[in-house]
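These are the residues of each chain, in order.
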Amino acid sequence: MPLSNDDLSAIWLTLELASLTTVLLLLIGTPIAWWLARTDSWLKRPVGAVVALPLVLPPTVIGFYLLIALGPNGYIGQLTESLGWGILTFSFTGLVIGSVFYSLPFVVQPLQNAFESIGNAPLEAAATLRASKLDTFFSVVIPLARPGFITASILGFAHTVGEFGVVLMIGGNIPGKTQVVSVQIYNHVETLQYTQAHWLAGGMLLFSFVVLLALYSSRQAKQGWQS
Amino acid sequence: MFRHRLKALCALLVAGALSPNSFAADVNVAVAANFTAPLKAIAAEFEKDTGHRVIPAFGATGQLFAQINNGAPFEVFLSADDSTPAKLEQAGNSVPGSRFTYATGALVLWSAKPGYIDEQGAVLRQNGFKHLAMANPKAAPYGRAATQTLEKLGLSTRLKDKIVEGQSITQALQFVSTGNAELGFVALSQVYKDGKISSGSAWLVPDAYYQPIEQDALILSKGANNPAAKALTDYLKGPKAQAIIKSYGYKI
């Protein structure tokens, strides 16, 4: 196989980044989605719009602002430095932060839809049985919203794997630390190593197709159950 | 009689359209990103002097190469190196004999902080920084020159873990100017204005430390019959354009 060690470490790094980002996004995204699904506050629309921003903004914009915010002159950079963590650009941690921003809507929106479709009835039933709010959430909401969680995880993971612009802007192309597959493909194309570029790019294409196929098949299977 | 006149008129019009110098033409130019500012200045003068119009597309040399090979409508190519134009020449994608060096780049070690870099570049030997930015040495000639400089200084191994790479020289500059990297190797043309370094501090790397960064231009096959393409390459060799190029921090 014409893949170099750098290619293989890029693949491994990408999977690591996507997995960690997905887990973090489920933890962060679930409360946000729940609040968005249940609230009547006037803040609902502005917050929803902020969450959806990465859908429309070019990744270079997010990357550019992250570069400035995480840098020594930015608010986040000054905070992380005063906490003794140092500057997070050009580090794996920095990529995780960037990816969480970048993939946020892909996790929050399916969860929000799933929570909204549950409706009030199951929650009221649980309340009459004196279940606590937390208990209700874990024993009623999460099982009912399972398809939403599956969709959110798949989309969050896949979208992070496909991330390019943000990593390019704050990564620094360091093998084993910030050099992910999409950047490595760009490297190969830039340096006219088209064979290696084809292997990685073809792999990405196949991966994305399989992921989407799995997603759509799971939806089809669930349809009878949902309606 | 009427028909004859019409025929004559048509012949006249066709002859007019085909004759090379009677009409001003547009020329599509693919330009390496580091030459953006000087090209704009040169294009303005060129348009005034010749009446031809320059339509530039700026990008990374490797990207532009891929686009040219895949049918992009560029007629002149101003590359950031000499090897990419040579490849186009070998592949028969250009007008034979049209290749020439239009500018020679200079490498500089630069920091956004005034006084951070001394005039001998000794800062590289002290361990006072965390990140040293440069362009990807495999893709960008300025990155290659930066790697050669570190080798010459015997610092390649020691600084290996501090290097962060931008995909282009523009991105390397961005890393340094935002302070994310304390210092970095960039093109002199990026930080040079009106005869001096425009901000921060810098060490001009001596010529002997790296292979010359020769930036070559050529007329592509698509521009073979466009008089404006020939006019532009001639203009680039002329004193007016050369003075502009020099003022942007290139050696000639």
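Residue numbers run consecutively from 1 along every chain, following the written order of its sequence. Lettering for chains starts from A, numbering for ligands starts from 1, and both go in the order in which the items are written. Restriction of local features to residues with pLDDT of at least 70 applies here, the model being predicted, together with a cutoff of 80 or more for giving and counting side-chain atom pairs; totals for whole chains, interfaces and linings are based on all residues. To get the side-chain values, all heavy atoms of the structure are used, and hydrogens and water are removed first.

### Points about the UniProt feature "transmembrane region" (unreviewed entry) in chain A
Residue and element names in this part refer to chain A. Quick reminder of the rule: UniProt positions are given in the numbering used here, feature names are shortened, and annotations may be inferred rather than shown by experiment. What counts as a helix is a DSSP run of H or I of at least four residues, what counts as a strand is a run of E of at least two, and both are numbered from the N terminus.
Look at the UniProt record and you will see "transmembrane region" (unreviewed entry) annotated at residues 12–37, 49–71, 83–104, 137–158 and 197–216. Helix makes up 100% of residues 12–37 and strand 0%. Its end C-alpha atoms lie 36 Å apart. Within the segment residues 49–71, helix and strand shares are 87% and 0% respectively, and the terminal C-alpha atoms sit 26 Å apart.

### Considering the packing of aromatic side chains
The relative placement of two aromatic rings is captured by the distance of their centres and the angle of their planes. Short version of the rule: For Phe, Tyr and Trp, where Trp contributes only its six-membered ring, two rings pair if their centres lie within 6.5 Å, and the inter-plane angle classes them as stacked under 30 degrees, edge-to-face over 60, or tilted in between. Throughout, exposure labels follow a simple rule: accessible area from a 1.4 Å probe, protein chains only, divided by the maximum for the residue type, with under 20% read as buried, over 50% as exposed, and the rest as partly exposed.
Across all of its chains, the model carries 13 aromatic pairs over all chains by this definition. Ring plane angle 65 degrees and centroid distance 6.1 Å describe the contact between Phe115(A) and Phe149(A), whose orientation is recorded as edge-to-face. Here the residue Phe115(A) occupies a position in helix 5 (residues 92–118), and Phe149(A) occupies one in helix 8 (residues 146–161), the gap between them amounting to 34 residues. Judged by relative accessible area, Phe115(A) falls into the buried class, the value being 1%. For Phe149(A), a relative accessible area of 15% gives the class buried. On the numbers, 5.5 Å between centres and 65 degrees between planes, the contact of Phe35(B) with Tyr250(B) is edge-to-face.

### Some thoughts on the nonpolar core
Selection criterion: Here, nonpolar core means buried Ala, Val, Leu, Ile, Met, Phe, Trp, Tyr and Cys residues that are tied together by side-chain atoms lying within 4.5 Å of each other. For each domain, the first and last residues come from an automatic or database assignment. Any two residues having at least one pair of non-hydrogen atoms within 4.5 Å are treated as being in contact.
In this structure, Phe115(A), Phe35(B), Leu78(B), Leu124(B), Leu132(B) and Phe185(B) are the most contacted members of the largest nonpolar core, which totals 101 residues. Ranked by the residues each element gives to this core, the list is headed by helix 5 of chain A, at 11 residues. Formed jointly, this core draws a minimum of three residues from each of two domains, domain 1 (2–104 + 213–247) and domain 2 (107–204) of chain B. Ignoring any residue separated from it by four or fewer positions in sequence, one finds Leu78(B) in contact with Val29(B), Ala30(B), Val31(B), Ala32(B), Phe35(B), Leu39(B), Tyr102(B), Asp216(B), Ala217(B) and Leu236(B).

### Some remarks on the interface of chain A and chain B
Which entries qualify depends on this criterion: The term buried area refers to how much accessible surface (probe radius 1.4 Å) is lost by two components on association, counted for both of them together. Salt bridge, as used here: a side-chain nitrogen of Lys or Arg that lies within 4 Å of a carboxyl oxygen of Asp or Glu. Here a polar contact is recorded for every N or O atom pair within 3.5 Å, except that within protein the pair must consist of a potential hydrogen donor and a potential acceptor, and residues adjacent in sequence are included only if both atoms are side-chain atoms. When residue character is reported, Ala, Val, Leu, Ile, Met, Phe, Trp, Tyr, Cys and Pro are called nonpolar, Asp, Glu, Lys and Arg charged, and the others, Gly included, polar.
With 22 residues of chain A at the interface, the matching set in chain B holds 22 residues. Regarding the contact of chain A and chain B, the summed buried area is about 1,900 Å², with carbon and sulfur atoms giving 54% of it. Summed over the three residues of chain A that lose the most area to chain B, namely Phe90(A), Glu190(A) and Leu192(A), the buried surface amounts to 30% of that side. Applying the counting criterion to the chain A and chain B interface returns 0 salt bridges. Applying the counting criterion to the chain A and chain B interface returns 8 residue pairs in polar contact (both at pLDDT 80 or more). Mapped by element, the contributors of at least two residues to the side of chain A that touches chain B are helix 3 (59–70), helix 9 (165–170) and helix 10 (181–190) of chain A. Top contributing element to the side of chain A that touches chain B by residue count: helix 10 of chain A, with 4 residues. A class-by-class count of the residues in the side of chain A that touches chain B yields 13 nonpolar, 8 polar and 1 charged.

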